[in-house]
Amino acid sequence: MQFKAIRGFKDILPSQVGTWNRIESEGKRIFEVFGYQEIRIPMLEKVELFARGIGEDTDIVSKEMYTLTDRKGNQLAMRPEATASILRAYIENKLYEGHPVRKLFTIGPMFRYERPQKGRRRQFHQINVEIIGDPGPKSDSELIYMIMYFFSALGLHDLVLHINSLGCLDCRAPFRGALKDYLKKYGADLCPDCQIRMEMNPLRVFDCKVERCIQVIKNAPSMLGFLCHDCAQHFDALKAHLKELDVGFVVNSHLMRGLDYYTRTTFEVQTQELGAQNAIAGGGRYDRLMKEFGGPDTPSIGFAIGVERVVELLEEQGDWSEAGPDLFLAPLGKEAENKAFIWLQELRKAGLKCEMEYRSLGLKAQMRHADRLKARKVLIVGEDELVKGKGILRDMVTKEQVEVPLDSVVSELIEMKERNWI
Ligand SMILES: [Zn+2]
Ligand SMILES: [Zn+2]
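All values reported here derive from a predicted model rather than from experimental measurement.

Chemist: Mind showing me how you'd approach the domain arrangement of the chain here?
Modeler: A common way to state how big an interface is: give the accessible area lost once the parts meet. The assigned domain composition of the chain is domain 1 (14-168 + 228-316) and domain 2 (327-414). Look at where the C-alpha atoms of domain 1 and domain 2 centre, and you get two points 48 Å apart.

In structure tokens form, the structure reads like this:
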């Protein structure tokens, strides 16, 4: 019997892992420079945590969670996102003590029972970054600046940043009313889901993907017209900071981000490349959520990056090649083989990525092997070279050859690596 992975669950193969590692290590490097600390949270949490945090009537909670009942009858869910868990951990472990502002990030898989299609998986991966404890707008701009810097460091450039403000509870209530009045006029044109949303939570209609709802919402009133004085000032300052930091953006008043907990700043980074699934990162401010979870009243902002989509973009750019070894050792004859075997381990210890074939093969077969592995250089040591005390170092691309003294071959090669000659 042959087994297959579950629908929507994918293996990340050795040929792809290089891209994944590059995204993760570049992220960690940049986040640490900006003062963020890593936190690792569990895969399973109580269902109520997400129902409370994300919103009972969101698609994520009502349709897409992987839930299970454990042996004691507890209702558990595979985490569909990270923010709720991070806040739970922050409160439970009193991470606020001694730290007025906490900057955290986490990287890992999330689970949602969605229809698998291009760019969507049921196990998908996110990089989550949060600033807990600062009301902004400097934090908001810092966070957005960092995410755009991260993407450019990865070599992704044709991205568009959309920003919006969802206001606070005070200014959202009148907006909600105006939106409801507007939607009522088109009630019959909306999809059945939106007919319910219109009454329960009209902001959700912005997230609907049904074409006739998209048409109706096009001319809906804008939240930006309803911002109170403080919220308007916050949004103006965010725009000013982004301009000062030379971060380009588009104001998109329809950007709602589908989660109940957002207040004020929301944003999304979009690409034209991936068809309909064009957001590769998004986030926003969630000033009320911490208090709702029973923690101290703490304003916060965060974002999530969809790692699969970033991988896809990098692969489209041809940036997915498996890096070959720096060096392939090609000894000929027993004596050279034994020496090369020791050099191999010493070079690896010094950080050179080296390979060697252990089945005594002829030069041609070894060169073929080096070629298949995509080695940058090959060190050839036959009987003649042993007698002369000099090996031949061949560049596999340019075919250039230089001699390397064998009595100090390990240190010579390490030096070449340091000078980036290998
Ligand atoms: Zn407001
Ligand atoms: Zn709809």
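Chemist: Is there a simple way to explain helix α6 (residues 169-185) in this structure?
Modeler: Residues spaced three or four apart along an α-helix face the same direction, because each turn holds 3.6 residues. Taking 1.5 Å of rise per residue, the 17 residues of α6 would be expected to cover 24 Å, and the 25 Å separating its terminal C-alpha atoms lies within 8% of that figure. Here α6 has its buried residues at C171, F175, L179 and L183. Each buried residue of α6 lies within a common arc of 100° when the element is viewed along its axis, so the set occupies one face. Looking at α6, the residues exposed on the side facing more than 90 degrees away from the buried face are L169, A173, D181 and K184. Looking at the buried positions of α6, the neighbouring elements they touch are α7 (192-200) and α9 (229-244).

Chemist: Sorry if this is basic, but what is going on with the nonpolar core here?
Modeler: Burial of nonpolar side chains together is a common tendency in soluble globular proteins. Counting 67 residues, the largest nonpolar core has V129, L143, I147, V205, I305 and V310 as its most contacted members. Sort the elements by how many residues they give to this core and helix α5 (residues 138-153) lands first, with 7 residues. Apart from the residues within four sequence positions on either side, L143 is in contact with V129, I131, I301 and F303. Residues L327, F328, L329 and V409 belong to the second largest nonpolar core, which totals 22 residues.

Chemist: What am I meant to see in helix α4 (residues 83-92) here?
Modeler: With respect to burial, α4 is a largely interior element, 7 of its 10 residues being buried. Taken together, the buried positions of α4 are T83, A84, S85, I86, L87, R88 and Y90. At its buried positions, α4 is contacted by β2 (44-46), α2 (47-54), β5 (102-111), β6 (123-132), α10 (289-292) and β11 (300-306). Looking one or two places after α4, you find K94, whose phi comes out positive at around 50°.

Chemist: How should the packing of helix α1 (residues 14-33) against helix α11 (residues 307-316) be read in this particular structure?
Modeler: Packed helices, taken two at a time, are described by the angle their axes make and the gap between the axes. In contact at an axis separation of 10 Å, α1 and α11 are set at 115° when each is read in the N-to-C sense. Here the hand of the crossing between α1 and α11 comes out right-handed. In contact with Q16, T19, W20 and I23 of α1, α11 contributes V307, V310, V311, L314 and E315. Of the residues assigned to the contact of α1 with α11, the class counts are 6 nonpolar, 2 polar and 1 charged.

Chemist: For this particular structure, what's the right way to read the packing of α2 against α4?
Modeler: Where α2 contacts α4, the two axes come as close as 9 Å, and the packing angle between them is 110°. Classed by the angle they form, the pair α2 and α4 counts as roughly perpendicular. Seen from α2, the contacting residues are L49, F50, G53 and I54; seen from α4, they are T83, A84 and R88.

Chemist: What should I look at first to understand the pairing of strand β7 (residues 159-165) in this one?
Modeler: Both faces of the sheet carry side chains from a regular strand, because those side chains alternate between them. Where β7 and strand β9 (residues 263-271) come together, 7 bridges link them in antiparallel fashion. Bridge pairing links S165 to T265 in β9. Across 2 bridges, the pairing between β7 and strand β8 (residues 250-251) is parallel. Opposite H162, over in β8, you have V250 as the bridge partner.

Cut-offs used in this document
- Residues numbered from 1 in each chain as written.
- Chains lettered and ligands numbered in written order.
- Predicted model: local features only at pLDDT ≥ 70, side-chain atom pairs only at ≥ 80, totals over all residues.
- Domains from an automatic or database assignment.
- Helix = DSSP H or I, 4+ residues; strand = E, 2+ residues; numbered from the N terminus.
- Expected span 1.5 Å × (residues − 1).
- Buried ≥ 20, exposed ≤ 12 C-beta atoms within 10 Å, placed from the backbone.
- Arc of directions from axis to C-beta.
- Contact = placed C-beta atoms within 7 Å.
- Core = buried A, V, L, I, M, F, W, Y, C linked by C-beta atoms within 7 Å.
- Axes fitted to C-alpha atoms, helices over the stretch in contact; angles between N-to-C directions.
- Left-handed = near helix turned anticlockwise from the far one by under 90°.
- Nonpolar A, V, L, I, M, F, W, Y, C, P; charged D, E, K, R; others polar.
- Parallel < 35°, antiparallel > 145°, perpendicular 65-115°, else oblique.
- Pairing = 2+ DSSP bridges.

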